[in-house]
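In case you want the letters, here they are:
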Amino acid sequence: MLAEYSGVLITLVVALIIAGALLTIHVFVGPKRRFQEKLEPFECGERQIVSPRQRFAVKFYLVAILFVVFDVEALFFYPWGALFGELGWHGYWAMVVFTIPLVVGLLYEWMKGALEW
Amino acid sequence: MPWDVVAKSLFILVVAVAALAPVVTWVERKQSAVMQDRIGANRADLFGIRLLGLLHPAADVLKLIFKEDVVPIGANRVMHLVAPLIAAVAAIISFAVIPYGATYQFGDSTVNLVAADIDWGLLYIFAVGSLAAYGTILAGWASNSNWSLLGGIRASAQMISYEVTMGLSVVGVFMVFGTLKLTDMAFAQDATFRLLGFLEVFGVVDHLPRWLAWIQLPMWGVFLQPLGFIMFLTAIMAENKRPPFDIPEGESEIVAGYHTEYSGMRFGLFFMAEFIEVIVIAGLMTAIFLGGWSIPYLPQERIIGALEPLFGSGMANLLCMVAHVSTFLLKVVFMIWFQMVLRWTQPRFRYDQMMDLCWKILLPLSIANAFVTGTIILLVRSYGS
Amino acid sequence: MAEDQWLTYRERETSDDDFDRDLHTEHQILNMGPSHPATHGTVKFLIELDGESIVDLDIQVGYLHRGFEKECESGSWYQCIPYTDRLNYNSAILANLGFCLGVEKLLGLETPERCQWQRVMGSELSRLADHLTRCGAACLELAAMTPFLYGIQARELTWDLTEALCGARVTTNYIRIGGVKHDMPAGFPEQCRDHIARIRELLKDFDAVITANRIFIDRMRGTGVLDKERLIAFGVTGPLLRAAGVPLDVRKDEPYLTYAELDFDVPVGEVGDNYDRYLVCVEEMHQSLRIIEQCLERLEKLGPGPVNVLDPRVRWPAKGRVFNHMEELIQQFKAVTEGPMVPAGEAYSVVESANGELGFYLVSDGSAVPVKVRCRPPSLLNLQPMPEMLKGCLLADIIPTFDFVNMIGGECDR
């Protein structure tokens, strides 16, 4: 049973080796001529005015919350879709009932302006 | 140790990562050059041999390796190092579930050409895709630069938004093929169907020209789910930040986005990940929508059946395998070409327009697509029986 | 934290309508420029961002200040002409022309007709190059690189023509006081017609790739809008103002050179957003091509003739005469070492440059050195309303707006 996953494991190992090796070689091989100005984060030739570690605009977090809601609901669609042939009309209507709150939720957000930027 | 799995995994990785990915960077340069009336990269040479610029990818990798390794002041050193690693690894391991050939019989042993034949292949792709989001978010946050942060934040919001849409837009495909397994999907597409088969059930077909009813199409996802094809292509390109959705790295607005502070091979890994993702997108689109390895109108049994009397069973299977893998690669190259055409003709979206496209257009459409597909499947079945 | 601020946060927490209020987040203040991919021309935007939207925008210019106006006061009048080349890297001829027209006004010179037609041709070539760069760069920065390269290819053709006309591609130094450097070369009309056909072809390609592109329209429509009253109040001129619906064009309103005899239209936009600006620029390019064709026709009809005024103050005697006649030798010596003596007085000359009204205010005290050369740079005035155009817009809207404001550092900072 788990033998099917060995391919995943092997690709993972190979990928780690490729990426890791490239990075490690790079870290050791490249020249090291460091000075203050070179190491400063890019700010178009000026000093940073604000730190990037401050509290960022809340809109982006809103997207994250929407994502959690919709992704969890989308997850229910996958097995339903795969087994659709066996579920028939019963499964179809069950999903319609399940989707209505989802769509209403989406409409609510839309009207509330959560999708505006 | 299952050596056949090792061989299969290495094959796809060698073909895709070591052979195809450098070529894609070359294709990007050369194709754009052709489109823009230029000559394109052709300067890198090895003992005077230039090979139309095919040596440029190798020169790029060497150059990036020998660059200085710079970590900006105030950056989180661990995350700064880990981020490109995540991005590259997540891109590479997607190949594990993409089937590049059918199942073949060699004597007693069966060979199926996919590194990991898991039941939930497509979900694996989605999972790995969300993993890739960590790479960009961490890169943006760890760099201690405002532009990087903007890029990282944009990337995170974009990638998670399109993940939902990407999943929902292929639900129709799950319903048609009744599986989440990519190998099964590819097998199901190795058949044909009558174009107006389902209309015949309702008798509508009488009003249409006669010949239309007899057209046989390959049972590819793109014919069964045309809307799904477009939506999934859009969503997966946005999910992987490919142009015209490359907002997180939009160089004219936010410098280079999340990899502003990356140089040398650290940047090289992001760069590599991006080109590998092009191939992943192409491979996935091929497997789900373009029939995978299947040759249109020539099902596997027919090929083997025709070849077996001539060459014997083993050889027939081998020839069929070669034909299938070549077909698969051909389709992948076509999809790569298509992405490059988009890349070099379309301007970039604005952030809000891209989010609107996701939440206000693609999401409702993909839900509607699932239900319309379901209705048709059920109606055809109930009338047909 | 200040006491009153603290109170407002506390009030916010306890107030009833807390749910309707935005969560408290800090605005991001960013330096966009001086070295940023979008600020070609070296300018700094100080942006206050709330996530993606611009709360406040401040433009800081002056990074390319070279003291052009002061420099002009240290040389003779004709030594200023190469300085004017450096005002705008795309349209040097237009700047040459503006300056020389002013000096000619002071001298009271009237240039020969053949010279005037060539000057018009040169300035339209410059305008073409400028508009091609502007539209191309806008596409490039919206990540559509293919149309950009079509535009640049067409610009190369215009520069080829400029090179044929005056021997240089970028810093032309073509227009001289009282004439042009030399007559156009033999075979120029044929080359010009051939290149115009190719430019038209490229413009068609450009148009096909981008104009009807949905993403392009979405990015351009409704961004950077400002109504015409505000634009006029800021002193904006050129395509920026014409796109807002004001048909102000010096070539039509106060025709200089031979513009009055030419047949061309002044395109006007409706809304004044970036898409209108783009369309106006594209149409102006077609009009410029029309003008160049008419100039060629007229020049061919006119036949050979002088391209410089025969005025000893600005015209050098022929070499042969300099070597053989005392008077001419003295005249040449004076003209080279001192330059033309311009009568005392002041003059303002204006041309329609690619960015708008390019003016030169010149003051002379009767000597060979200008007392004051003041340039009215359209770029600086066009840049002023940018904060007003962009407040409340998204970060990405800066890009097309700035591209169509088309600030040229050399001209803006002088």
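What you are looking at is a predicted structure, and each value in this text was computed from that prediction instead of being measured. Counting starts from 1 at the beginning of each chain's written sequence and moves along it residue by residue. To read the labels, note that chains go from A and ligands from 1, taken in the order they are written. Local features are withheld for residues below a pLDDT of 70 in this predicted model, meaning they are given only at 70 or higher, and side-chain atom pairs are given and counted only at 80 or more; totals for whole chains, interfaces and linings count all residues.

Chemist: Tell me about the packing of helix 3 (residues 59–82) of chain A against helix 5 (residues 146–169) of chain B, and please be specific about residues and values.
Modeler: Here, axes are lines fitted to C-alpha atoms. For helices the fit covers the stretch in contact, and angles between N-to-C directions go from 0 to 180 degrees. The secondary structure listing takes helices from DSSP runs of H or I that are at least 4 residues long and strands from runs of E that are at least 2 residues long, numbered from the N terminus. Where helix 3 of chain A meets helix 5 of chain B, the axes come as close as 9 Å, and the angle between the chain directions of the two elements is 20°. Judged on the interaxial angle alone, helix 5 of chain B and helix 3 of chain A are roughly parallel. The two elements helix 3 of chain A and helix 5 of chain B meet at a crossing, and its hand is left-handed. Of the residues in helix 5 of chain B, those in contact with A:F60, A:V63, A:A64, A:F67, A:F70, A:D71, A:A74, A:F77 and A:Y78 of helix 3 of chain A are B:I153, B:A157, B:I160, B:S161, B:E163, B:V164, B:G167 and B:L168. Ten residues, namely Ala, Val, Leu, Ile, Met, Phe, Trp, Tyr, Cys and Pro, are considered nonpolar, four, namely Asp, Glu, Lys and Arg, are considered charged, and the remaining ones, Gly among them, are considered polar. Counted by class, the contact of helix 3 of chain A with helix 5 of chain B contains 13 nonpolar, two polar and two charged residues. An angle below 35 degrees is treated as roughly parallel, one above 145 as roughly antiparallel, one from 65 to 115 as roughly perpendicular, and anything else as oblique. Crossing chirality is assigned from the near helix's rotation relative to the far helix, an anticlockwise turn below a right angle marking it left-handed and a clockwise turn marking it right-handed. By the criterion used throughout, residues are in contact when their C-beta atoms, derived from the backbone, lie within 7 Å.

Chemist: Describe the interface of chain A and chain B, and please don't skip the residues or the numbers.
Modeler: Many analyses report the size of an interface as the accessible area lost when the parts associate. Chain A puts 56 residues into the contact, and the matching count from chain B is 70 residues. Broken down by element, the residue count for the side of chain A that touches chain B peaks at 18 residues, all from helix 1 (residues 6–29) of chain A. Across the side of chain A that touches chain B, the residue classes tally to 38 nonpolar, 11 polar and seven charged.

Chemist: If you had to explain the pairing of strand 3 (residues 53–60) of chain C to someone new, which residues and values would you point to?
Modeler: Residue and element names in this part refer to chain C. Paired strands, in this sense, are two strands between which DSSP finds at least two bridges. Alignment of strand 2 (residues 44–50) against strand 3, held across seven bridges, turns out to be antiparallel. Note on strand 3: the bridge partner recorded for F45 is I59. The turn joining strand 2 and strand 3, which pair antiparallel and follow one another in sequence, is formed by two residues; a positive phi near 70° is taken by G51.

Chemist: Explain the pairing of strand 1 (residues 103–106) of chain B to me, and be specific about the residues and the numbers.
Modeler: All names here are of chain B. Where strand 1 meets strand 2 (residues 109–112), four bridges bridge the pair, whose relative direction is antiparallel. Bridging from a neighbouring strand, T103 pairs with N112 of strand 2. Between the end of strand 1 and the start of strand 2, which pair antiparallel, lie two residues, with G107 showing a positive phi angle near 65°.

Chemist: Provide a residue-level description of the sheet that holds strand 3 of chain C, including the pertinent values.
Modeler: Residue and element names in this part refer to chain C. Here we have three strands laid out as an open sheet, ordered 1-2-3, and antiparallel in their pairing. Here the strands that pair on one side only, and so sit at the sheet edges, are strand 1 (28–32) and strand 3. When the angles between neighbouring strand axes are averaged without regard to direction, this sheet yields 20°. With five bridges joining them, strand 1 and strand 2 adopt antiparallel strand pairing. By the bridge assignment, N31 is partnered in strand 2 with L46.

Chemist: Report on the nonpolar core, specifying residues and quantitative values.
Modeler: All names here are of chain B. By size, the foremost hydrophobic cluster in this structure holds 265 residues, and its most contacted members are A87, A88, I92, F95, L269, I276 and I279. No other element matches helix 12 (residues 264–289), which puts 19 residues into this core. Beyond its immediate stretch of four places on either side in the chain, I276 contacts V17, A21, A91 and I92. Here a nonpolar core is just a set of buried residues of the types Ala, Val, Leu, Ile, Met, Phe, Trp, Tyr and Cys, joined wherever their C-beta atoms sit within 7 Å. Partly exposed residues are those falling between the two cut-offs: more than 12 but fewer than 20 other C-beta atoms within 10 Å of their own, whereas 20 or more means buried and 12 or fewer means exposed, with C-beta atoms placed from the backbone.

Chemist: I'd like to hear about the confidence of the model for chain C, residue by residue, with values.
Modeler: Residue and element names in this part refer to chain C. The predicted model of chain C averages 84 in pLDDT, with 94% of residues at 70 or higher. Low confidence marks residues 1–20, where pLDDT is under 50. Its contacts with residues over four positions away, or in another chain, come to five contacts. Two numbers describe this predicted complex: its pTM, 0.85, and its ipTM, 0.86. Each residue carries a pLDDT score, the predictor's confidence in it, ranging from 0 to 100.

Chemist: Describe the interface of chain B and chain C, listing the residues and the values that go with them.
Modeler: Between chain B and chain C, the residue contacts involve 22 residues of the former and 25 residues of the latter. Looking at the side of chain B that touches chain C, the elements with two or more residues in it are helix 11 (251–254), helix 14 (313–345) and helix 15 (351–384) of chain B. Class assignment of the residues belonging to the side of chain B that touches chain C gives a composition of eight nonpolar, seven polar and seven charged.

Chemist: Summarise the environment of C:D263; cite the residues concerned and give the values.
Modeler: Residues and elements named next belong to chain C. Tracing the chain through its elements places D263 in the loop between helix 11 (250–253) and helix 12 (274–302). In this structure D263 comes out as exposed when scored by C-beta crowding, with 8 C-beta atoms within 10 Å. The spacing of D263 and S91 is 172 residues in sequence and 22 Å in space, taken between C-alpha atoms.

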